[in-house]
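So the chains spell out like this:
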Amino acid sequence: MLDRPTTREGWTARAAALKIEGRAFVDGAYIPARDGATFARISPIDGKVFAHVADCGEADIHRAVKGARAAVESGVWRDADPLHKKKVLLRFAELIRENAEELALLETLDVGKVIANTLDVDVPLCANCIQYYAELADKIYDEVAPLGPKDVAMVRKEPLGVIGAIVPWNYPLIIGAWKIGPALVAGNSVILKPAEQSPLGSLVLGRLAKEAGLPDGVLHVVPGFGEKAGKPLALHPDVDMIAFTGSTEVGKLMMVYAGQSNMKRVALECGGKSPHVVMPDADLDAAAEAIAWGIYYNQGETCHAGSRVLAHASIRSALVEKIAEAQRSRIPLGHPFDPGAQLGAMVEERQMHRVLGYIELGQKEGARIAHGGGRALAETGGFYVEPTILDGATNAMHIAQEEIFGPVVVVIPFATEAEAVRLANDTIYGLAAAVWTRDMNAAHRLSRAIRAGTVWVNTYDRSSLATPFGGFRQSGFGRDRSPHAIDKYMDLKTIWTSFR
Ligand code: NAD
């Protein structure tokens, strides 16, 4: 890899030199949509068209499903020696690392994330995830049931077959890897349907998987819109499972489509409105720092962003000031190709207006802007929103109940621990939460009482492939990451033999 540019101009020149592939990756080759349709990718950085992508539909999905089924039936990957699977997937991870700059640039152009993060977080975590599951390839054990002396029952884990992975735009490479890593190591074939806002990095993964030795037909990447490409995938009678990450609203549709078609399995990773509970004895500097990173990282376009701060009334105003200060001094907003920027552009114009609309609504509802609150860098033509704090909110407000999915944190006061628990759980979601206190008894009580898939204590957004990730309630079901993720891509078969 060349040296990293140290200026915006340097990165812009590297981006301009990219050869961008926008065609679908099906049966081991790049092909246009059957009807030749394409759609334009507008970069959120400057509002300009920078690529054209295959606008795939039902015919393209059908072709990919046929290829995926043929690969399953042939056994070329499903029945491959676990050591071979491991070797191929380890090479895949290595190739992701070797192509880090191309992947990072595409992710920045598509999504508006800052280059410092796509290069140092998104791409490495994508590669690490594939490596993690590669290393489990020869550690997936079957069982023998405890029966009487004349019977032997093997309880075998078998791959489900054809998996449709439908993913969102906020972490395309990381969430894509969370699906394809465990699905592939389990022996399935996968059709990855990236979000229409962020297809380009995923399309590169198709090429790299093939280069690593994954047989043709085992991984397809079919770009397109939700209704036109995602829906026929989720309704397809020959798809065995949909692994979905996205909004709660569309997640519910996946269950409908499964019921309307072949009762395929569904795993859902959906939205969140995750609370921080900050008790009066908390380390406010540590809490403010983590709250700021937890809501402003990735422009707040993070499913588990800590978007509700439940602050004890006695420390609320000091905490608000410290969150604003942490943002001002350590999380600067800037052009995504500025090496120092930590907060970039919103993914698209519509999302920017949605976030600004919530800031306006919050004020109408009675909250007060304590920090930020407006559009930024408008002269670039890109879609930027200032990191914002809405103070003095109540949990009943729309801004406290609905996912804003932007750099906007809502601060709500509470008086007692019992009230904090009630407010934390007063949401349809249950993805994540944090508890800030020096009293470990209170921390224990609160973390048990809050209904969420992850509860952090005196920290936020720490993550590892070793821990399962996913939600309670309308944040979904099924878990990504950890060995548990493999189970959902496999079924149990009992093979019972009796002896005389
Ligand atoms: P979205 O639900 O609009 O889209 C997600 C995916 O579904 C995209 O690929 C889209 O094309 C597809 N889709 C849309 N309509 C469809 C339909 N009718 N049939 C089939 N597919 C369809 O979500 P988004 O705006 O891309 O992403 C943001 C959402 O994702 C937020 O709600 C966020 O919380 C959630 N998210 C959750 C997690 C998690 O792990 N829990 C992680 C990241 C994002």
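Look a little higher up for the structure.
Not measured: the values here are computed from a predicted model.

*Asks:* An account of the packing of helix 3 (residues 82-98) against helix 7 (residues 200-212) is needed here, citing residue identities and associated values.
*Replies:* Packing of helix 3 against helix 7 brings their axes to within 8 Å, and their N-to-C directions diverge by 135°. By the criterion of interaxial angle, the relationship of helix 3 to helix 7 is oblique. Seen from above, helix 3 lies across helix 7 with right-handed handedness. Touching Val88, Arg91, Phe92, Leu95 and Ile96 of helix 3 are Leu205, Leu208, Ala209, Glu211 and Ala212, all from helix 7. Split by residue class, the contact of helix 3 with helix 7 holds 8 nonpolar, no polar and 2 charged.

*Asks:* Run through the packing of helix 3 against helix 6 (residues 172-185), naming residues and quoting values.
*Replies:* If you want to describe how two helices pack, look at the angle between their axes and the distance between the axes. Here helix 3 crosses helix 6 at 160°, and the two axes come no closer than 11 Å. With respect to their mutual orientation, helix 3 and helix 6 come out roughly antiparallel. Judged by the sense of rotation from one axis to the other, the crossing of helix 3 with helix 6 is right-handed. Contacts between helix 3 and helix 6 involve Lys85, Leu89 and Phe92 from the first element and Ile180, Leu184 and Val185 from the second. Of the residues assigned to the contact of helix 3 with helix 6, the class counts are 5 nonpolar, no polar and 1 charged.

*Asks:* Which residues make up the packing of aromatic side chains, and what values do they have?
*Replies:* All chains considered together, the criterion is met by 6 aromatic pairs. Residues Trp169 and Phe405 carry aromatic rings whose centres are separated by 5.4 Å and whose planes lie at 75° to one another, so their mutual orientation is edge-to-face. Highlighted residues: Trp169 in the loop between strand 7 (162-166) and helix 6 and Phe405 in the loop between helix 13 (398-401) and strand 18 (408-414), separated in sequence by 236 residues. Each member of the pair Trp169 and Phe405 is classed as buried.

Basis of the calculations
- Residue numbering note: each chain is counted from 1, following its sequence as written.
- The model is predicted, so local features are restricted to residues of pLDDT at least 70 and side-chain atom pairs to those at 80 or more, both for listing and for counting; the totals for chains, interfaces and linings are taken over all residues.
- Based on all heavy atoms of the structure, the side-chain values leave hydrogens and waters out of the count.
- Helix axes are fitted to C-alpha atoms over the stretch in contact, other axes to C-alpha atoms as well, and angles between N-to-C directions run from 0 to 180 degrees.
- For the purposes of this entry, the term helix denotes a DSSP run of H or I that reaches at least four residues, the term strand denotes a run of E that reaches at least two, and both are numbered from the N terminus.
- Oblique is the label for any angle not covered by the other classes, which are roughly parallel (under 35 degrees), roughly antiparallel (over 145) and roughly perpendicular (65 to 115).
- A clockwise turn of the near helix away from the far one marks a right-handed crossing, whereas an anticlockwise turn of less than a right angle marks a left-handed crossing.
- Any two residues having at least one pair of non-hydrogen atoms within 4.5 Å are treated as being in contact.
- Gly counts as polar in this scheme, as do all residues outside two lists: the nonpolar Ala, Val, Leu, Ile, Met, Phe, Trp, Tyr, Cys and Pro, and the charged Asp, Glu, Lys and Arg.
- Under the pairing criterion, centres of Phe, Tyr and Trp rings, with the six-membered ring standing for Trp, must be within 6.5 Å; the plane angle then separates stacked pairs below 30 degrees from edge-to-face pairs above 60, leaving the rest tilted.
- Burial classes: relative accessible area under 20% of the type maximum marks a residue as buried, over 50% as exposed, and values in between as partly exposed (1.4 Å probe, protein chains only).

Treat this as a map of the structure, not an account of what it does.
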